[in-house]
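# Structural characterization, general
The chain contents come next:
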Amino acid sequence: MKPVGVMPIPKDAQERRSIAPVICYPTDTLPKHDAAFYKLAQKGMALINSVIVLPRDGNTVEVTAGHIFRIVSMEGSQVGDLNLWNANDLNEKFYSGKTRALHGTHVGVGDKLWSSFPAMRPMATIIADTLDWYGFDEDGASVHDVIGTRCDPYTNNILSGGQYHLCCHSNLTRALAASQGLSLEQAEPLVHDVLNIFMCTGFTKKTHQYFMKESPVRPGDYIDFFAEIDLLVGLSACPGGNCGSKHSSNVANCYPLGIEVYKPMTDLKKWKHSKVNSYDGTHGQKK
Ligand SMILES: [Zn+2]
């Protein structure tokens with residue numbers, strides 16, 4: 001937390017503070033969200049695969065570019081931590097910090113999930129969300145954040161001590177290793193900051209600390225993503241359950257989550273596969 005008033009306050013402090021904010025990354029130059037196209041893709045889509053993510057565990061599923069995947073709440077209020085990789089190159093992975101910089105602290109329909117440098121391109125587009133009614137509440141909280149990093153055993157060890165093995169970071173590491181035939185040592189560096197599905201979070205008004213509150217998700221709620229490239233999707237059912245009290249422990253009630261994969265039945269010829277970023281990669285150095 002930032003200490004205030006340690007140093008002398010300048011005479012023009014108020015004037016300096018009253019300067020209007022400027023959006024760092026205006027997105028007006030990005031292609032507009034084509035809601036009609038994605039609605040067409042969803043019309044009559046056929047379920048072709050589904051996997052269960054067990055409580056306090058992780059799982060993965062491959063999703064072909066142009067298909068849709070749905071994350072669904074099944075038996076109880078439960079939060080999920082999402083990782084995305086390019087199915088053909090696991091080094092290209094979801095970049096939550098850049099997604100936050102472009103779309104804000106919480107994402108919703110029309111927002112893209114962007115990948116890491118140097119590809120930096122849309123990996124998926126959010127196309128449906130049954131919790132879109134929530135908006136921002138009086139505490140400034142909302143659902144589906146790209147603020148939190150993922151619960152992990154290292155932070156837990158520093159703050160609480162002990163060895164807890166079922167954090168989202170570990171669940172994603174085990175799931176990725178199992179699905180790709182990797183050792184845990186190979187898989188762990190590929191696990192990255194997440195999209196917190198269904199999690200309700202914000203920053204406290206006074207200290208601007210990251211907070212969580214009980215998720216408003218209920219069984220049957222879902223969020224749909226359109227895969228803009230071939231994806232490997234990883235999901236952890238957070239040990240915090242609805243994250244209303246505690247995570248990184250076995251105290252909370254914890255429930256499974258479903259990942260369903262759908263194939264559009266309509267002609268998507270208007271859709272173009274997401275292309276890698278066209279920055280030339282020279283970083284100012286002459287070849
Ligand atoms: Zn977690």
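One can find the structure itself at the top, above this paragraph.
Scoring rules and cut-offs
- Residues numbered from 1 in each chain as written.
- Predicted model: local features only at pLDDT ≥ 70, side-chain atom pairs only at ≥ 80, totals over all residues.
- Helix = DSSP H or I, 4+ residues; strand = E, 2+ residues; numbered from the N terminus.
- Rg over C-alpha atoms; globule rule 2.2 N^0.38 Å.
- Buried ≥ 20, exposed ≤ 12 C-beta atoms within 10 Å, placed from the backbone.
- Contact = placed C-beta atoms within 7 Å.
- Arc of directions from axis to C-beta.
- Pairing = 2+ DSSP bridges.
- Core = buried A, V, L, I, M, F, W, Y, C linked by C-beta atoms within 7 Å.
- Axes fitted to C-alpha atoms, helices over the stretch in contact; angles between N-to-C directions.

## Considerations on the overall build of the chain
- Counting its regular elements, the chain contains six helices and 13 strands.
- In terms of C-alpha radius of gyration, the chain reaches 20 Å, essentially the compact-globule figure of 19 Å for 287 residues.
- Seen through its principal axes, the chain has C-alpha atoms that stretch 65 × 50 × 45 Å.
- Each of the 287 residues in the chain was classed as buried or not, and the buried ones make up 39%.
- Taking contacts inside the chain between residues at least 6 apart in sequence as the whole, the part at least 24 apart equals 74%.

## Observations concerning helix α3 (residues 96-103)
- Buried within α3 are the following residues: Ser96, Thr99 and His103. Projected down its long axis, α3 shows its buried positions confined to an angular sector of 60 degrees, all on one face.
- Once α3 ends, the next one or two residues include glycine 104, with phi positive near 105 degrees.

## Points about the pairing of strand β9 (residues 195-203)
- Most of β9 is tucked away: eight of the nine residues are buried.
- Where strand β4 (residues 80-86) and β9 come together, three bridges link them in antiparallel fashion. Across the sheet, the residue bridging to aspartate 81 is asparagine 196, located in β9.
- The pairing of β9 with strand β10 (residues 210-213) spans four bridges and is classified as antiparallel. Of the residues in β10, the one forming a bridge with threonine 201 is methionine 212.

## Concerning the nonpolar core
- Grouped together as the largest cluster of nonpolar side chains are 62 residues, with contacts concentrated most on Leu84 and Leu231.
- Once residues lying within four places of it in the same chain are set aside, the contact partners of leucine 231 are Glu62, Val63, Leu84, Ala87, Met123 and Ala124.

## Side note on unusual backbone geometry
- Cis rather than trans, the peptide bond between phenylalanine 117 and proline 118 has omega equal to 0 degrees.
- Secondary-structure assignment places proline 118 in the loop between β6 (112-114) and β7 (122-129).
- Positive phi, normally seen in glycine, also occurs at phenylalanine 198, with a value near 65 degrees.
- Along the chain, phenylalanine 198 turns up in strand β9.

## Some details on the sheet that holds strand β11 (residues 222-227)
- On the basis of which strands lie adjacent, the open sheet formed by six strands has the order β1-β13-β3-β11-β7-β6 and antiparallel pairing. Edge positions in the open sheet fall to β1 (46-53) and β6, since each of these has one partner strand only. Ignoring which end each strand starts from, the neighbouring axes of this sheet average 25 degrees apart.
- Sheet analysis places β1 next to strand β13 (residues 257-263), joined by seven bridges and oriented antiparallel. Paired with alanine 46 across the two strands is lysine 263, which belongs to β13.
- Packing against the sheet, helix α2 (residues 35-42) makes contact with β3 (68-73), β7 and β11, and its axis sits at approximately 80 degrees to β7.

## Looking at the pairing of β3
- Counting buried residues in β3 gives five out of six residues, a clear majority hidden from the surface.
- Where β3 and β11 come together, five bridges link them in antiparallel fashion. Residue pairing across strands places arginine 70 opposite aspartate 224, the latter belonging to β11.
- Alignment of β3 against β13, held across six bridges, turns out to be antiparallel. Each bridged residue has a counterpart across the sheet, and for serine 73 the counterpart in β13 is leucine 257.

## Side note on the environment of aspartate 111
- Within the secondary structure, aspartate 111 is located in the loop between α3 and β6.
- It is 8.2 Å that separates the C-alpha atoms of aspartate 111 and isoleucine 127, two residues lying 16 residues apart in sequence.
- Setting aside anything within four residues of it in sequence, one finds aspartate 111 in contact with His103 and Ile126.

Shape is all these values report; function is a separate question.
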